[in-house]
Amino acid sequence: MLAIGTDRIRARFTTLGARLVSLDFAGADLVMGGGTDEDILAGDWTTGAVAGRIAGRITNACIEIDGIEYPLVPNMGEHQLHGGPDNFAVRHWTAQQTDDSIAFSLASPDGDQGYPGAVDVTATYRVAGATLSLDFEARSTKPTVINLTNHAYWNMSGGERGAFDHEMQIAGSRYLPLNDLLLPSGELRDVAGTRWDFRELRKVGGVYDNCWVLDGPRGTLRHGLTLRDPVSGRRMEVWTTEAGMQMYTAEHWDGVFPGKTGPLKQYAAIAIEPQNFPDAPTHPNFPSALLRPGQVYRHRMEWRFSA
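Remember, it's a predicted structure, so these values are computed and weren't measured experimentally. (Residues numbered from 1 in each chain as written. Predicted model: local features only at pLDDT ≥ 70, side-chain atom pairs only at ≥ 80, totals over all residues. Heavy atoms only, no water.)

Draft legend 1. A look at the overall build of the protein chain. Helix and strand counts for the protein chain come out as one helix and 28 strands. Compactness check: the protein chain gives a C-alpha radius of gyration of 18 Å against a globular reference of 19 Å for 307 residues, within 12% of the reference. Expressed along its principal axes, the backbone C-alpha trace of the protein chain runs to roughly 55 × 45 × 40 Å. Expressed as a percentage of the 307 residues in the protein chain, the buried residues total 54%. Summarising the internal contacts of the protein chain: among those between residues at least 6 apart in sequence, 67% fall at separations of at least 24. Working note: accessible area of the protein chain is about 11900 Å², and carbon and sulfur atoms make up 49% of it. Between the mean site of the 28 positive side-chain charges and the mean site of the 37 negative ones, the protein chain shows a separation of 5 Å. (Helix = DSSP H or I, 4+ residues; strand = E, 2+ residues; numbered from the N terminus. Rg over C-alpha atoms; globule rule 2.2 N^0.38 Å. Buried < 20%, exposed > 50% of the residue type's maximum accessible area, 1.4 Å probe, protein only. Contact = heavy atoms within 4.5 Å. Areas by Shrake-Rupley, 256 points an atom, 1.4 Å probe, with all protein chains shown as cover. Lys, Arg positive; Asp, Glu negative; His and termini not counted. Charge placed at Lys NZ, Arg CZ, Asp CG, Glu CD.)

See below:
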C-alpha cells in the first residue's frame with residue numbers, strides 16, 4: 001500500500017486501479033470497500049478506483065467518431081459499463097510518490113476494449129491540509145472518447161450509519177433520467193418538485209443512481225456536492241471541473257462482497273463520481289467526450305473535509 005497524509009487526513013492507495021483504499025479523518029475511515037487487491041478483485045472492483053476509459057454506461061457498446069463506428073467490448077449485457085471487462089480499475093498502474101502526492105500512470109493501447117487511439121493517462125493525488133485532490137490528464141494518438149472519475153464509496157460516519165442517514169446537497173438544478181436498463185434517456189429534467197432536488201442540504205433517505213447536471217461552466221473548479229453525517233458532524237465537500245455528479249447508494253452490495261471490516265452491506269455507503277455525463281458519446285446534446293490528437297483531457301476534483 002502507498003500512503004500520503006497531513007496532520008488532518010491520511011489516504012492509502014493501491015496500484016490496482018490507481019485506487020483510493022482509505023481516508024482517515026477525525027477518527028474514522030471514510031472510504032468503504034475492499035482492503036486487499038485480492039478482496040477487491042473477488043468483490044466490487046469499482047470501489048475507490050479510477051473508472052475508464054469511459055466511466056458509466058455506453059448504450060449498445062458502440063461509439064461513433066467522425067462517421068466511423070467502433071464496436072466496444074460489452075460487459076453489461078449488450079452494453080458497456082466503466083470501460084469494459086478489462087478496464088482501468090482492474091489494471092495495475094505505475095506509481096511515483098513524493099512527500100505529499102502520488103502520480104499514477106497507465107498506457108492504454110490503440111483498440112483497447114474497442115476504443116481507438118493509444119492513450120496515456122496520469123492520475124495524481126495530492127494532500128494539503130484537510131483536502132485530498134485528484135488531477136487527471138490524458139492524451140491520445142487518434143480521435144477517441146474519454147471520461148475519467150474516481151469511484152470511491154463514502155460514509156462520513158465511518159460505517160456506523162448507512163447511506164440513507166446522511167445529509168446531502170447537490171449544486172444541480174437538473175438531472176439525467178434513466179430508462180429500465182439504467183441508461184440515460186437523453187433528457188435533462190428539472191429537479192424542482194422531485195425527489196432528485198438536493199439543492200438544499202437534506203437527508204438522502206432512499207435509493208439513488210443518477211447523474212446531476214452541475215450548475216456553472218464545465219472546466220471551472222466549483223463546489224458540486226456536500227455529504228454530511230449529522231451525528232458526528234463530519235462533512236465532505238466535493239469540487240470538480242466536470243459537468244456532472246453521479247451519486248449511487250450501493251444498492252448492489254448484498255453482504256457477499258468482501259470489505260475491509262466484513263461483507264459490504266446494502267446501502268452502507270454512497271458512490272460519488274464527478275464526471276462528464278454517462279453515455280455522452282451516444283447523445284449529441286450531452287457535453288462532448290471527444291479527445292483528439294494534440295489535445296489534453298484534464299479533470300480536477302477535490303474532497304474537502306471538516307468536522
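Draft legend 2. Structural view of the side chain of Arg-222. Turning to its location among the elements, Arg-222 is positioned in strand S23 (residues 222–228). No salt bridge is formed by the buried Arg-222; its nearest oppositely charged neighbour, Glu-242, is found at 6.8 Å. (Salt bridge = Lys/Arg side-chain N within 4 Å of Asp/Glu carboxyl O.)

Draft legend 3. Summary view of the pairing of strand S9 (residues 68–71). In the sheet, strand S8 (residues 62–65) pairs with S9 via four bridges, with the strands oriented antiparallel. Across the sheet, the residue bridging to Cys-62 is Pro-71, located in S9. (Pairing = 2+ DSSP bridges.)

Draft legend 4. Just the sheet that holds strand S11 (residues 94–97), in detail. The antiparallel open sheet is built from nine strands, whose spatial order is S11-S12-S13-S14-S28-S24-S23-S18-S21. Either end of the sheet is taken by a strand with one partner, and the two such strands are S11 and strand S21 (202–203). Summarising the sheet, strand S14 (residues 131–140) and strand S28 (residues 297–306) pair through eight bridges and their orientation is antiparallel. By the bridge assignment, Thr-131 is partnered in S28 with Arg-304.

Draft legend 5. The pairing of S11, seen in detail. Pairing analysis gives four bridges linking S11 to strand S12 (residues 101–108), with the strands arranged antiparallel. Directly across from Thr-94, in S12, lies its bridge partner Ser-105. Where S11 folds back on S12, the antiparallel hairpin that results is connected by three residues.

Draft legend 6. Region of the structure containing the nonpolar core. Residues Leu-23, Trp-154 and Trp-303 are the most contacted members of the largest nonpolar core, which totals 54 residues. Broken down by element, this core gets its largest block of residues, five residues, from strand S13 (residues 119–128). Beyond its immediate chain neighbours, meaning those up to four positions away, Trp-154 contacts Leu-20, Leu-23, Leu-30, Val-31, Leu-227, Met-236, Ala-269, Ile-270, Ile-272, Trp-303 and Phe-305. Grouped together as the second largest cluster of nonpolar side chains are 16 residues, Ile-63, Tyr-115, Val-145 and Phe-277 included. (Core = buried A, V, L, I, M, F, W, Y, C linked by side-chain atoms within 4.5 Å.)

Draft legend 7. The arrangement of the packing of aromatic side chains in detail. Under the counting rule described, the total for this entry stands at 15 aromatic pairs. Considering the side-chain rings of Phe-13 and Phe-104, the 6.2 Å spacing of their centres and the 55° angle between planes classify their relative orientation as tilted. On the criterion of sequence distance, the pair formed by Phe-13 in strand S2 (residues 9–14) and Phe-104 in strand S12 is long-range, its members being 91 residues apart. We note that Phe-13, like Phe-104, is buried. Centroid distance Phe-88 to Trp-93: 6.0 Å. Interplanar angle 85°. Geometry classified as edge-to-face. For the residue pair Phe-88 and Trp-93, the accessibility class agrees, reading buried in each case. Through pairs of rings, three or more aromatic residues link up here, namely Phe-25, Trp-154, Trp-303 and Phe-305. Positioned over the ring face of Trp-196 is Arg-195, at 5.3 Å from the centre of the ring. The ring of Tyr-208 carries the charged tip of Arg-195 above its face, separated from the ring centre by 4.0 Å. (Phe/Tyr/Trp six-rings, centres within 6.5 Å; stacked < 30°, edge-to-face > 60°. Lys NZ or Arg CZ within 6 Å of the ring centre and 35° of its normal.)

Draft legend 8. Spotlight on the side chain of Ser-108. Relative to the helices and strands, Ser-108 is located in strand S12. Residue classification places Ser-108 among the buried positions, given a relative accessible area of 2%. Reaching out from Ser-108, the side chain makes a polar contact with the side chain of Asp-112 at a distance of 2.5 Å. (Polar contact = N/O pair within 3.5 Å; in protein donor to acceptor, adjacent residues only side chain to side chain.)

Draft legend 9. Spotlight on the sheet that holds strand S3 (residues 19–25). Strand order in the open sheet formed by four strands is S1-S2-S3-S4, with antiparallel pairing between adjacent strands. In the strand order of this sheet, the two ends are held by strand S1 (2–5) and strand S4 (28–29), each with one partner.

Draft legend 10. Region of the structure containing unusual backbone geometry. At the junction of Gly-52 and Arg-53, the peptide bond is cis and its omega measures out at 10° in the coordinates. Positive phi outside glycine occurs at Ala-18, with the angle close to 45°. Relative to the helices and strands, Ala-18 is located in the loop between S2 and S3. For Gln-113, which is not glycine, the phi torsion reads 55° and is therefore positive.

Draft legend 11. Local environment of the pattern of salt bridges. Applying the stated criterion across every chain, the model contains 16 salt bridges. The partner of Asp-112 in a salt bridge is Arg-91, with the nearest N and O atoms 2.6 Å apart. Linking Asp-112 in the loop between S12 and S13 with Arg-91 in the loop between strand S10 (80–81) and S11, this pair joins segments that are 21 residues apart in sequence. Asp-112 sits in the buried class, given a relative accessible area of 9%. Judged by relative accessible area, which is 13%, Arg-91 ranks as buried.

The analysis is restricted to geometry; functional conclusions fall outside its scope.
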